[in-house]
Amino acid sequence: MARVVELSYCPVKGCAGTSVREALLTPAGLAHDRSFMVVSEEGVYRTQRRDPLLAVIRPLVSPDGDRLTLTAPEAEPLHLRVDTSGTRQKVDLFGTAYQGIDQGDEAADWLSDLLGVPSRLVRTPPEHDRVTDGLTPGTSGYALHVLSRSTLDLLNTRMTARGAQPLAVDRFRPNLVVDGWDDPHTEDRAHRLRIGTTELGYAKLAIRCAVTLVDQNAGTRAGPEPLRTLAGYRRAIQGGVAFGTKYAVLRPGKVAVGDEVEVTRWGESEL
């Protein structure tokens, strides 16, 4: 029987994830997932690809979303009251213009000092309605990312055979980790899932980028793995390498560690 064994969300895009035992799954994904984003002074999003130190920033958002705390090694914690009603400003995400609400100079100074480049923190406005693409489009800021343990185990087996060190699951930043699917990459073919009171529809494969090269504990680039090994057996038709899958939320509800993961519709892998 397949079950959820790890559950996490990333309050600030590009920063460390927050592990939880249970979470609310909204039409826009896990509650508070990637509600905030670090941007340049020009409003362009920052990513671990260019700013790997984002990985050492650990955000904690209150259950009601009204307060945000940021911590990082050798830095004083930053406690913020979240602004959801301030003036909207243009931000750039993947080359597309969206709106963000600036969270003030205190947050900007803290992030700029830590990252070593001028930065600001913005929050997604409540009216944000970015739609994800894929076989099952979703009204989500970011599709829910699912990865199975058997998929990670296969990668680590292949990497260690090449003399590389195995990787922890946080290198791939999934929202849900599933155990109990014996065949690696079962998530490629699991096109409809029922978990707890929720239902998910398969959207697309997760195409991996250079963020997977960043050591999530040190905030530094760690070499060619896992992309080098993945390139040998997980090349996607659309380009890049695929590892894990993304889902749209069809029925919101609560999910928790220990919940059974039931596949209600199977399909062919897009790989």
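Rules used in this analysis
Residues numbered from 1 in each chain as written. Predicted model: local features only at pLDDT ≥ 70, side-chain atom pairs only at ≥ 80, totals over all residues. Heavy atoms only, no water. Pairing = 2+ DSSP bridges. Helix = DSSP H or I, 4+ residues; strand = E, 2+ residues; numbered from the N terminus. Buried < 20%, exposed > 50% of the residue type's maximum accessible area, 1.4 Å probe, protein only. Contact = heavy atoms within 4.5 Å. Core = buried A, V, L, I, M, F, W, Y, C linked by side-chain atoms within 4.5 Å. Salt bridge = Lys/Arg side-chain N within 4 Å of Asp/Glu carboxyl O. Phe/Tyr/Trp six-rings, centres within 6.5 Å; stacked < 30°, edge-to-face > 60°. Lys NZ or Arg CZ within 6 Å of the ring centre and 35° of its normal. Expected span 1.5 Å × (residues − 1).

## Re the sheet that holds strand β4 (residues 22-26)
Either a parallel or an antiparallel arrangement is found when strands of a sheet pair, and the pairing is made through backbone hydrogen bonds.
Phase 1 of the analysis: Judged by pairing direction, the sheet is antiparallel, and its three strands sit side by side in the order β5-β4-β20 without closing on themselves. Every interior strand has two partners, whereas the edge strands, β5 (29-30) and β20 (253-256), have only one.
Phase 2 of the analysis: With two bridges connecting them, β4 and β5 associate as antiparallel partners. Following the sheet pairing, T26 is matched in β5 by G29.

## Examining helix α1 (residues 105-115)
Phase 1 of the analysis: Buried within α1 we find A107, A108, W110, L111, S112, L114 and L115.
Phase 2 of the analysis: On its buried face, α1 sits against β6 (36-39), β8 (67-71), β9 (78-81) and β12 (120-123).
Phase 3 of the analysis: The first or second residue beyond α1 is G116, which carries a positive phi of 80 degrees.

## A short note on the nonpolar core
Phase 1 of the analysis: Ranked by internal contacts, the top residues of the largest apolar core, which has 44 residues, are I57, L68, L121 and L193.
Phase 2 of the analysis: For this core, the element with the highest residue contribution is α1, accounting for five residues.
Phase 3 of the analysis: The next biggest cluster of nonpolar side chains, apart from the first, holds 13 residues, and it includes A164, V169, Y233 and F243.

## With respect to the sheet that holds strand β15 (residues 190-195)
Phase 1 of the analysis: Here eight strands make up an open sheet; going across it, the order is β3-β1-β14-β13-β19-β16-β15-β21 and the pairing mixed. The strands lining the two open edges of the sheet, one partner per strand, are β3 (18-19) and β21 (261-266).
Phase 2 of the analysis: Of the pairings in the sheet, the one linking β15 to β21 comprises five bridges and is antiparallel in character. Its bridge partner lying in β21, I195 is registered against V261.

## Comments concerning unusual backbone geometry
Phase 1 of the analysis: Along the chain, E225 connects to P226 via a cis peptide bond; the corresponding omega equals 15 degrees.
Phase 2 of the analysis: Tracing the backbone shows P226 in the loop between β18 (220-221) and α3 (227-230).
Phase 3 of the analysis: Phi angles above zero are rare outside glycine, and R34 is one such case at about 55 degrees.
Phase 4 of the analysis: Mapped onto the fold, R34 is located in the loop between β5 and β6.
Phase 5 of the analysis: Look at R34 and you get buried, because its relative accessible area is 15%.
Phase 6 of the analysis: A positive phi angle is found at F94, which is not glycine, with a value near 55 degrees.
Phase 7 of the analysis: When you line up the elements, F94 lands in the loop between β10 (88-93) and β11 (96-102).
Phase 8 of the analysis: Taking relative accessible area as the criterion, F94 reaches 42% and is therefore assigned partly exposed.

## Looking at the pattern of salt bridges
Phase 1 of the analysis: Inspection of every chain in the model, using the stated rule, returns eleven salt bridges.
Phase 2 of the analysis: Close ionic contact of R149 with E6 constitutes a salt bridge, the shortest N to O distance being 4.0 Å. Highlighted residues: R149 in helix α2 (residues 149-161) and E6 in strand β1 (residues 3-9), separated in sequence by 143 residues.
Phase 3 of the analysis: What makes E6 partly exposed here is its relative accessible area of 32%.

## As for the packing of aromatic side chains
Phase 1 of the analysis: Evaluation of the coordinates by the stated rule reveals three aromatic pairs.
Phase 2 of the analysis: Here the basic side chain of R50 rests over the ring of Y45, its NZ or CZ set 5.6 Å away from the ring centre.
Phase 3 of the analysis: Residue placement shows R123 over the ring face of F36; its charged tip is 5.7 Å from the ring centre.

## Section: α2
Phase 1 of the analysis: A rise of 1.5 Å per residue sets the reference length of α2, with its 13 residues, at 18 Å; its end C-alpha atoms lie 18 Å apart and thus fit the reference within 8%.
Phase 2 of the analysis: Considered for burial, the residues of α2 that qualify are S150, T151, L152, L155, N156 and M159.
Phase 3 of the analysis: Where α2 is buried, its residues meet β13 (144-148), α3 and β19 (241-251).

## Some words on the pairing of β11
Phase 1 of the analysis: Note: β10 against β11, six bridges, orientation antiparallel. Paired with V91 across the two strands is Y98, which belongs to β11.
Phase 2 of the analysis: Hairpin connection of β10 to β11: two residues between the antiparallel strands, including F94 at a positive phi of 55 degrees.
Phase 3 of the analysis: Where β11 lies against β12, two bridges are found, and the strand directions are antiparallel. Opposite D102, over in β12, you have V122 as the bridge partner.

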